[in-house]
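Examining the three-dimensional arrangement
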Amino acid sequence: MQKELDAKKVQKIAILGLGNAGKTSIVKSVLYQFEALMSLAPTKSVERTSIEFLGRELLIWDFGGQERYRQNYLNNPKKYFEGIRYIYYIVDSQDTKNLRESMAYFLKTFEKAIEFSPNAKLYLFFHKIDPEYSGSVDFTKVENEFLEEILPKIQVKANNPPAIFHTSIHHPLSVISAFTQPMLSNEDIYETLCKTIGQFCKENALNFGILFTKNFFEIGNFANPNHLQSNIKTLSAYLKEFDFSGFEGKFPQFTVGFNQIFTKKFFITVGEEFPFYFCIGVNTIAVPKDIAILLEKVDDFTTNIKKVLINSEIIRIGILRTEKIVKTYYFDDF
């Protein structure tokens, strides 16, 4: 029984796509290694990374997309495609020249993955949809063309329609959010967290609010790109610096860009203890005179967020078989 429980904690993620689609840059973005993005070399065969997420070990298999490696995967499917929990297929939305080749490769890899991992869930990342893109590619047309080709051919074998994300390394939260959403027990929980955080931020005139796990995976946010995107690495570095400094859940204030940052660290316990960080950004020229009142609201808010996260973990580990989430004063049941 214990071995079975331990096995459930290890989840294999396969990241697939053609060479230069942006697979490795996505992994690096998730790991906050932005300084490495300008000097990435093509992945040779499969690069494996192990990280922890809410008490689970995530084994990320970054499949090199060059032709010689692709044939190796397809010729040895059991070795590469067995035991996959999540399939992330990356489409280079700017590379219209190789779009049909990407479609063909996707269908081949999906066929093998479902054969050896029939319960794997599929996620499509339409990547390189850059905010400042000024080229001639119509991203909507690329996406529709890809989906029209692959959906009719996979619908019989796919457990559910694939989830679709639009990502860019120039918009780090788009990558981090897309990567971590499937890790929650129910994808609706992510949407609920974002909606709830957004409502809290608007009610309190905050520039942003972000909920991080122990390893600084974002699992819910409300953020204006102008306020946060270029500074997210600085923010995570700040959290890491103070994580072991002995502060009792409330970190010293910190400035990122035009934001005064306030952070609350809290824990949930479901079988084991998991730490979380809730960060808010207040405009530096509009910080309330009585900041203590705002921080009390943050305390109340994180108390309610804890209820959602606890129920999420209970659902995931199968103690409670329900899709209902505890009510808070911010949102209703699903």
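Everything here concerns the structure above.
Now for a look at the structure at hand.

Cut-off values and rules
- Residues numbered from 1 in each chain as written.
- Predicted model: local features only at pLDDT ≥ 70, side-chain atom pairs only at ≥ 80, totals over all residues.
- Heavy atoms only, no water.
- Core = buried A, V, L, I, M, F, W, Y, C linked by side-chain atoms within 4.5 Å.
- Buried < 20%, exposed > 50% of the residue type's maximum accessible area, 1.4 Å probe, protein only.
- Helix = DSSP H or I, 4+ residues; strand = E, 2+ residues; numbered from the N terminus.
- Contact = heavy atoms within 4.5 Å.
- Polar contact = N/O pair within 3.5 Å; in protein donor to acceptor, adjacent residues only side chain to side chain.
- Axes fitted to C-alpha atoms, helices over the stretch in contact; angles between N-to-C directions.
- Parallel < 35°, antiparallel > 145°, perpendicular 65-115°, else oblique.
- Nonpolar A, V, L, I, M, F, W, Y, C, P; charged D, E, K, R; others polar.
- Left-handed = near helix turned anticlockwise from the far one by under 90°.
- Salt bridge = Lys/Arg side-chain N within 4 Å of Asp/Glu carboxyl O.
- Pairing = 2+ DSSP bridges.
- Phe/Tyr/Trp six-rings, centres within 6.5 Å; stacked < 30°, edge-to-face > 60°.

Turning to the nonpolar core, a few remarks are in order. A general trend in soluble globular proteins is that nonpolar side chains are found buried together. Core analysis: the largest hydrophobic core is formed by 34 residues, its most contacted members being Phe106, Leu124, Phe146 and Ile150. Where this core is concerned, the elements lending two or more residues are β1 (10-16), β3 (56-63), α3 (67-75), α4 (77-81), β4 (84-92), α5 (99-116), β5 (121-127) and α6 (139-154). Here this core takes 8 residues from α5, the largest share from any one element. Setting aside its immediate chain neighbours within four residues, Ile150 contacts Met103, Phe106, Leu107 and Leu124. With 22 residues, the next largest nonpolar core counts Leu193, Leu211, Phe266 and Phe276 among its residues.

Looking at where Ser168 falls in the secondary structure, it is placed in the loop between β6 (163-166) and α7 (172-180). Within polar-contact distance, the side chain of Ser168 engages the side chain of Asp130 at 2.6 Å. Apart from residues no more than four positions distant in its own chain, Ser168 is found in contact with His127, Lys128, Ile129, Asp130, Pro131, Ser174 and Val175.

Our focus in this paragraph is the environment of Arg85. Its place among the elements puts Arg85 in strand β4. Look at Arg85 and you get partly exposed, because its relative accessible area is 28%. With 97 residues separating them in the primary sequence, Arg85 and Pro182 have C-alpha atoms 10.0 Å apart. The residues touching Arg85, leaving out its near neighbours within four places in the chain, are Gln11, Lys12, Asn119, Ala120 and Lys121.

It is at 9 Å that the axes of helix α2 (residues 23-30) and α7 come closest, and there the two elements cross at 90 degrees. In terms of axis orientation, α2 runs roughly perpendicular to α7. Within the contact between the two elements, α2 uses Ile26, Ser29 and Val30 and α7 uses Val175, Ile176 and Phe179. A per-class count over the contact of α2 with α7 returns 5 nonpolar, 1 polar and no charged.

To describe two helices that pack against each other, one gives the angle between their axes and the distance between the axes. Running from amino to carboxyl end, α5 crosses α6 at an angle of 30 degrees, the nearest separation of the two axes being 10 Å. The pairing of α5 with α6 is recorded here as roughly parallel in orientation. For the pair α5 and α6, the sense of crossing is right-handed. Residues Leu99, Arg100, Ser102, Met103, Phe106, Leu107 and Phe110 of α5 lie in contact with α6, whose contacting residues are Val142, Glu145, Phe146, Glu149, Ile150, Lys153 and Ile154.

Moving on to the pattern of salt bridges. Per the stated rule, a full pass over the model turns up 7 salt bridges. Between Lys78 and Glu82 there is a salt bridge, with the nearest N and O atoms lying 2.8 Å from each other. For Lys78, a relative accessible area of 48% puts it in the partly exposed group. Glu82 gets classed as partly exposed once you look at its relative accessible area, which sits at 39%. Two residues, Arg100 and Glu149, come together in a salt bridge whose shortest N-O distance is 3.4 Å. Of this pair, Arg100 sits in helix α5 while Glu149 sits in helix α6, and the two are 49 residues apart along the sequence. Taking relative accessible area as the criterion, Glu149 reaches 21% and is therefore assigned partly exposed. Connected through shared salt-bridge partners, Arg100, Glu145, Glu149 and Lys153 make up one network.

Time to look at the sheet that holds strand β9 (residues 254-256). If you trace the 5 strands from one edge of the open sheet to the other, you get β8-β7-β11-β10-β9, paired in antiparallel fashion. Of all strands in the sheet, those bounded by a partner on one side alone are β8 (218-223) and β9. The average angle at which neighbouring strand axes cross in this sheet is 30 degrees, direction not considered. Pairing between β9 and strand β10 (residues 259-270): 3 bridges, direction antiparallel. Within β10, the residue paired with Phe254 across the bridge is Ile261. Each of β7 (208-213) and β8 touches α7; the most contacted strand, β8, lies at about 140 degrees to it.

Moving on, we come to the packing of aromatic side chains. Summed over all chains, the structure comprises 21 aromatic pairs. With a centroid separation of 4.3 Å and an interplanar angle of 20 degrees, the aromatic rings of Phe200 and Phe301 are classed as stacked. Taken together, the residues Phe200 in helix α8 (residues 187-203) and Phe301 in helix α11 (residues 291-316) connect sequence positions 101 residues apart. The pair Phe200 / Phe301 is uniform in exposure class, with both members buried.

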